[in-house]
Amino acid sequence: MNTVTQKTNENTAVRLDKWLWAARFFKTRALAREMVQGGKVQYNGQRSKPSKVVELGATLKVPQGHDIKEVVVREIHDKRRAAPAAQAMYEETSESITARAANAEARQAGALYSPRPEHKPDKKQRRDIIRFKHQ
């Protein structure tokens, strides 16, 4: 009886916001809905609604931190699962992986050329900075 229930769940239509939540791209379904409505998530290269039905083989562009992941839908589930099972629901494209790696290298290189001080200046150092600025 359990396998019949699983097969029924796989054949049901799943909304885009629910699939994004189940695949663990967003912590809450409301956050997933806001991102889709705001145009941050693209479905097959186009802006879509949260109620869009997800299909196998569809391409999604999803923001993740500083980068945008481009993924292909491999499985459709409406329930949130463990992280390894959720990662099996999609496959990231090779172009997306290389672009994210290049962006990470660029961010690291940028951090090397604009170092930040280890601590805030104390009172004497702030006065020296002000004096230096007004010269």
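Peer 1: Teacher, can you tell me more about the overall build of the protein chain here?
Peer 2: When helices and strands are counted, the protein chain shows six helices and five strands. The order of α-helices and β-strands along the protein chain, N terminus first, is α-α-α-β-β-β-β-α-β-α-α. In summary, the protein chain has a C-alpha radius of gyration of 22 Å against a globular reference of 14 Å for 135 residues, an excess of more than 25%. Taken over the C-alpha atoms alone, the protein chain extends approximately 80 × 30 × 30 Å along its principal axes. Scored against the burial criterion, the 135 residues of the protein chain give a buried share of 25%. Here the analysis covers contacts within the protein chain between residues at least 6 apart in sequence; of these, 42% occur between residues at least 24 apart. Just so you have it, the protein chain exposes about 10000 Å², and 51% of that area is on carbon and sulfur atoms. The distance from the centre of the 27 positive side-chain charges to the centre of the 15 negative ones in the protein chain is 9 Å.

Peer 1: Just checking my understanding: could you explain a positive patch on the surface for this structure?
Peer 2: A cluster of like positive charges, contributed by Lys-120, Lys-123, Arg-126 and Arg-127, occupies part of the molecular surface. Residue Lys-123 is classed as exposed on the basis of its relative accessible area of 52%.

Peer 1: For this particular structure, what's the right way to read the pairing of strand 4 (residues 67-73)?
Peer 2: Each regular strand shows side chains that alternate between the opposite faces of the sheet. Among the seven residues of strand 4, five are classified as buried, and the element is accordingly described as predominantly covered. As paired elements, strand 3 (residues 59-64) and strand 4 share six bridges and run antiparallel to each other. Counterpart to Pro-63 in the pairing with strand 4 is Ile-68. Hairpin connection between strand 3 and strand 4: a loop of two residues separates the two successive antiparallel strands, and Gly-65 in this loop has a positive phi of roughly 65 degrees. As defined by bridge partners, strand 4 adjoins strand 5 (residues 90-92) across three bridges and the pair is classed as antiparallel. Within strand 5, the residue paired with Val-71 across the bridge is Glu-92.

Conventions and cut-offs
Residues numbered from 1 in each chain as written. Predicted model: local features only at pLDDT ≥ 70, side-chain atom pairs only at ≥ 80, totals over all residues. Heavy atoms only, no water. Helix = DSSP H or I, 4+ residues; strand = E, 2+ residues; numbered from the N terminus. Rg over C-alpha atoms; globule rule 2.2 N^0.38 Å. Buried < 20%, exposed > 50% of the residue type's maximum accessible area, 1.4 Å probe, protein only. Contact = heavy atoms within 4.5 Å. Areas by Shrake-Rupley, 256 points an atom, 1.4 Å probe, with all protein chains shown as cover. Lys, Arg positive; Asp, Glu negative; His and termini not counted. Charge placed at Lys NZ, Arg CZ, Asp CG, Glu CD. Patch = residues over 30% accessible without salt bridge, like charges linked within 9 Å, V, L, I, M, F, W, Y side chains within 5 Å. Salt bridge = Lys/Arg side-chain N within 4 Å of Asp/Glu carboxyl O. Pairing = 2+ DSSP bridges.

Honestly, that's just the spatial picture; any functional story needs more than this.
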